[in-house]
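Residue-level structural notes
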Amino acid sequence: MFDWDKWQEIINSLKKQKLRTGLTAFGVFWGIFMLVILLGFGTGFGIKIESIFGDAKNVVILWPSNTTQLAFEGLGKGRRVKFTEADVEAIRQKIASVEMVDGKNNLGVWGAAQYVVYGTESGSFSVNGSHPGWEPFEFLKVTAGRYINVLDEKEKRKVAVIGTRVQEVLFKNGTHPIGESIKVNGVQFVVVGIYKSTEPGDSAQQANSKIILPNQTLRYAFNQLDAFQMLFFTPASGYSAFDAERDVKQLLYQRNRVHPDDSGVMGSFNMEQVYEQNRSLVGGIIGFSWMVAIGTIIAGVIGVGNIMLVVVKERTREIGLRKAMGATPLNISLMIIHESLVITVLAGYAGLVAGVFLLEAIRAVLVSVGQGEGMFASPFIDIHIAIMALVVLVVTGVVAALLPARNAASVNPITALQDE
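So, a few notes on the structure that sits alongside this text. These numbers come from a predicted model, not from an experiment. (Residues numbered from 1 in each chain as written. Predicted model: local features only at pLDDT ≥ 70, side-chain atom pairs only at ≥ 80, totals over all residues. Heavy atoms only, no water.)

1. A look at the sheet that holds strand β11 (residues 266-270)
Short version of the rule: For two strands to be treated as a pair, DSSP must find no fewer than two bridges joining them. The numbering of helices and of strands both runs from the N terminus, where a helix is a DSSP run of H or I of at least 4 residues and a strand a run of E of at least 2. Every angle, taken between N-to-C directions, lies between 0 and 180 degrees, and every axis is a line fitted to C-alpha atoms, over only the stretch in contact when it is a helix. We call two residues in contact whenever any of their non-hydrogen atoms come within 4.5 Å of each other.
The antiparallel open sheet is built from 4 strands, whose spatial order is β2-β10-β1-β11. The open sheet terminates on both sides in strands that have one partner only, identified here as β2 (98-104) and β11. Ignoring which end each strand starts from, the neighbouring axes of this sheet average 20° apart. Against the sheet, helix α3 (residues 85-94) contacts β2 and β10 (230-235), and its axis sits at roughly 175° relative to β2. Running at roughly 165° to β11, helix α9 (residues 241-255) makes contact with β1 (60-64), β2, β10 and β11 of the sheet.

2. Some points on the environment of Tyr 349
This is how it is decided: Each residue gets one of three labels from its accessible area relative to the maximum for its type: buried under 20%, exposed over 50%, partly exposed in between, using a 1.4 Å probe on protein chains only.
Within the element layout of this structure, Tyr 349 appears in helix α12 (residues 329-368). The partly exposed category is assigned to Tyr 349, whose relative accessible area is 47%. Taking the C-alpha atoms as reference points, Tyr 349 and Ala 389, separated by 40 residues in sequence, lie 8.8 Å from one another.

3. Concerning the packing of aromatic side chains
The line we're drawing: Aromatic pairing here means that ring centres of Phe, Tyr or Trp (its six-membered ring) are within 6.5 Å. Orientation follows from the plane angle: under 30 degrees is stacked, over 60 is edge-to-face, and everything else is tilted.
Going through the model one piece at a time under the given rule, you end up with 9 aromatic pairs. Judged by centre distance (5.9 Å) and plane angle (10°), the rings of Phe 29 and Phe 33 are stacked. Taken together, the residues Phe 29 and Phe 33, both in helix α2 (residues 18-53) and 4 residues apart, mark about one turn of the helix. For Phe 33, a relative accessible area of 12% puts it in the buried group. Between Phe 53 and Tyr 275 the ring centres are 5.4 Å apart and the planes differ by 70°, which places this aromatic pair in the edge-to-face class. Highlighted residues: Phe 53 in helix α2 and Tyr 275 in helix α10 (residues 271-314), separated in sequence by 222 residues. A residue is classified by how much of its surface remains accessible, and Phe 53, at 6% relative accessible area, is buried.

4. Concerning the pattern of salt bridges
For clarity, the threshold we go by: We define a salt bridge as a contact between a side-chain nitrogen of Lys or Arg and a carboxyl oxygen of Asp or Glu at a distance within 4 Å.
Using the criterion set out here, one finds 15 salt bridges in the structure. In this structure, Asp 87 engages Arg 255 in a salt bridge whose closest nitrogen and oxygen atoms are separated by 2.6 Å. Placement of Asp 87 in helix α3 and of Arg 255 in helix α9 is noted, with a sequence separation of 168 residues between them. Close ionic contact of Arg 246 with Asp 247 constitutes a salt bridge, the shortest N to O distance being 3.1 Å. Assessed through its relative accessible area of 17%, Asp 247 is described here as buried.

5. Digging into the environment of Thr 164
Structurally, Thr 164 is set in helix α6 (residues 164-170). Separated by 46 residues in sequence, Thr 164 and Lys 210 have C-alpha atoms that sit 8.7 Å apart. With near-sequence residues (within four places) excluded, Thr 164 lies in contact with Ile 194, Tyr 195, Lys 196 and Asn 208.

6. What to know about the layout of surface pockets
Here is the rule we go by: Each cavity reported here is a set of points on a 1 Å grid over the protein atoms alone in which a 1.4 Å probe fits but cannot get out, each pocket an open set with protein on both sides within 12 Å along at least five of seven lines, and each lining residue one with an atom within 4 Å of a point. Grid points are joined across faces, edges and corners, and a volume is the space filled by probe spheres set on the points. Put simply, Ala, Val, Leu, Ile, Met, Phe, Trp, Tyr, Cys and Pro go in the nonpolar bin, Asp, Glu, Lys and Arg in the charged bin, and everything else, Gly too, in the polar bin.
Of the pockets and cavities examined, the largest pocket occupies roughly 740 Å³. As for the largest pocket, its lining consists of 28 residues, of which Ile 61, Glu 138, Phe 139, Glu 199 and Lys 210 are closest to the centre. It is helix α7 (residues 203-207) that contributes the most residues to the lining of the largest pocket, 3 residues altogether. In terms of residue class, the lining of the largest pocket is built from 17 nonpolar, 7 polar and 4 charged.

7. Topic: a nonpolar patch on the surface
Applicable threshold: Patch construction takes residues with relative accessible area above 30% that form no salt bridge. Like charges are linked within 9 Å, and nonpolar side chains (Val, Leu, Ile, Met, Phe, Trp, Tyr) are linked within 5 Å. Surface accessibility follows the Shrake-Rupley procedure with a 1.4 Å probe radius. Residue values consider only the protein chains on display as shielding.
There is a patch of nonpolar side chains on the surface, built from Val 345, Ile 387, Val 391, Val 394, Val 395, Val 398, Val 399 and Leu 402 and spanning about 600 Å² of accessible area. Top element by residues in the nonpolar patch is helix α13 (residues 383-409). It accounts for 7 residues. You can see Val 391 is positioned in helix α13. Classification of Val 391 as partly exposed rests on a relative accessible area of 46%.

8. Concerning the nonpolar core
Stated formally: What we call a nonpolar core is a set of buried Ala, Val, Leu, Ile, Met, Phe, Trp, Tyr and Cys residues that are connected through their side-chain atoms within 4.5 Å.
One finds Tyr 147, Val 161, Ile 212 and Phe 232 to be the most contacted residues of the largest nonpolar core, which totals 23 residues. If sequence neighbours within four positions are ignored, Phe 232 has contacts with Val 59, Val 60, Ile 61, Met 100, Val 101, Asp 102, Lys 104, Trp 134 and Phe 137.

9. Quick look at the pairing of strand β7 (residues 181-184)
Alternating residues of β7 divide into Ile 182 and Val 184, all buried, and Ser 181 and Lys 183, none buried. Both strand β3 (residues 114-118) and β7 contribute to a ladder of 2 bridges, which runs antiparallel. Paired with Val 117 across the two strands is Lys 183, which belongs to β7. Taken together, the 4 bridges between β7 and strand β8 (residues 187-197) define a ladder with antiparallel strand orientation. Its bridge partner lying in β8, Ser 181 is registered against Val 190. Here β7 hands over to β8 after 2 residues, with Asn 185 in that stretch at a positive phi of 50°.

Here is the structure:
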């Protein structure tokens, strides 16, 4: 049953030293508060990383780079490598470490802006080829209409998916783009979808300024049948992106008769490496958060322990009287532990609530000012973290009271009653 008298004693005891109790409780409050804030931003950053990379976290991009610098197998240097449909098929047939591989083309050198017209409006935008299901690789989300599908590629349909920035420039009059025709370098395409980039920060603005066509349509419409500008591939189950990259490069070097030491012939970008770097950063942030918070909590625990030692000293006569009237050492120890738990649990819970409230307020402010898509714009506290924080509170409260409780339990009632 609830013992009101016991809790009144605890409250009255703590009220006798309000300033000391308040400062000690603030140390625990601040430790939990900092833990919640730092973990909230660290966890939110990790969630954002996962949402950005999505299914593209292990994709590898390969492109022809420099001309050959070494002669090999009777062929001179100065040759430029091309990626052909035969190369793609060879990778599919011979490389067990690759699950998916396909080629990709752009208009212009490295996707340089192309002249696009709609009615009386015009603009310059990057024009890229893509394939069905490649939304994660392009880091975009379709907001209206649809993305490129299998029939678009198979039948080489002249359809396009445009970014939100393209919509703003070409469709200023408010006309909905879906079903409308635009001209890319004089070739007409029907808009079937609108997308928004999932990339964070300022890079999203540039990413939203693209027009995406079925890759086969782009190759046939703009005379790029001889080669792919890039290869995209992902590793098979049980292999890393580094394994797949090594195996694909080795095969392409053999097929194009390039010297194994001619390292500058192909450029590559391994998304898995970038993903792992970001995950390591998230782990470092969370580890640092725990380190800072636990250090602060330990300082608070030491403060709680010190104040409880003072309480035991000040209540020596009372403790002696209780023991003389039959209180056991366990009763005395529990009394001190309860007082310690009141300070740590109440102060810590207040820190937990204040931290969660601040995280929600920050998220609301960022959304209201249009920054809701930033890397740190979605601070989040997992329920398991909250439970862990509460467990830490209880444990620290007990630990803080162990030494004072032992001292109180060992008080000699005769000596204590003689204490002035």
